[in-house]
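Chain by chain, the residues run as shown.
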Amino acid sequence: MPAGRARVGLLAALLLGGCFWEGPAFYTVDPARPGPLAPGLYQAETPDDGSAPDRLRIGRAADGALLVAPPEDYETGHPTRVVLAPLPVPGRQLWVVQARIGEPDDPVAYGLLDSAGGTLMLDPALHCEGSQALVRAAGGAVEGEGGSPSCVFKDRATLERALAAYAGAHPGLDKPTRLTRIGD
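Residues numbered from 1 in each chain as written. Predicted model: local features only at pLDDT ≥ 70, side-chain atom pairs only at ≥ 80, totals over all residues. Heavy atoms only, no water.

## A closer look at the state of the cysteines
- Across all of its chains, the model carries one disulfide by this definition.
- The disulfide partner of Cys-128 is Cys-151, and the gap between their sulfur atoms is 2.0 Å. Measuring handedness by torsion sign, the sulfur bridge of Cys-128 and Cys-151 sits at about 80 degrees and is right-handed. You can see Cys-128 sitting in the loop between β8 (120-123) and α3 (132-138) and its partner Cys-151 sitting in strand β10 (residues 150-152), a full 23 residues away along the chain.
- With relative accessibility at 0%, the residue Cys-128 sits in the buried group.
- When its relative accessible area of 0% is taken as the criterion, Cys-151 is described as buried. (Disulfide = S-S within 2.5 Å. Helix = DSSP H or I, 4+ residues; strand = E, 2+ residues; numbered from the N terminus. Buried < 20%, exposed > 50% of the residue type's maximum accessible area, 1.4 Å probe, protein only.)

## As for the nonpolar core
- If you look at the biggest cluster of nonpolar residues, it comprises 32 residues, and the most contacted ones within it are Trp-21, Tyr-27, Tyr-110, Leu-112, Phe-153, Leu-159 and Leu-163.
- Elements with a minimum of two residues in this core: β4 (66-69), β5 (80-87), β6 (94-100), β7 (108-114), α3 and α4 (156-169).
- Among all residues touching Leu-159, those that are not within four sequence positions of it are Trp-21, Phe-26, Tyr-27, Tyr-110 and Phe-153.
- Judged by nonpolar contacts, the second largest core, of 16 residues, contains Leu-37, Ala-44, Val-82 and Leu-113. (Core = buried A, V, L, I, M, F, W, Y, C linked by side-chain atoms within 4.5 Å. Contact = heavy atoms within 4.5 Å.)

Structure representation (structure tokens):
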């Protein structure tokens, strides 16, 4: 992952380090399938050391993309721009999380949202470390091995194969954040 890339909003709040699954922006907002996250205030429960925020504000951009950040940073902190797209995996209600963390020409980070049973479990950016074999088997590439590897995808079909395989290998996601809507 290029050094110095700013991580703002949701990703900065929920993740502390490491490199992720990334590639070009494969998804655009589909107004007919906006995903299970409605604008509002959410309680965020994470399994980490408590460094992530306990609340997130989610809003919508004019084009329908989600804007996500801790409440105190939402207006001034440049919220993370997120597009959700359904990921067809039998028996699961999964959504691809495409998070723009830099400039429009920068790669985006990819993660998963599981919305089964009224519970929202979010892994906003999948870690590449430990997923290299799965990514390669799906046709993706791994860059920067030996340090902080990035799992890189050149096309949507390859990304979706890898995400489906990841979901099969991690039925509860790897480091999920449970989101509960608590207000407007």
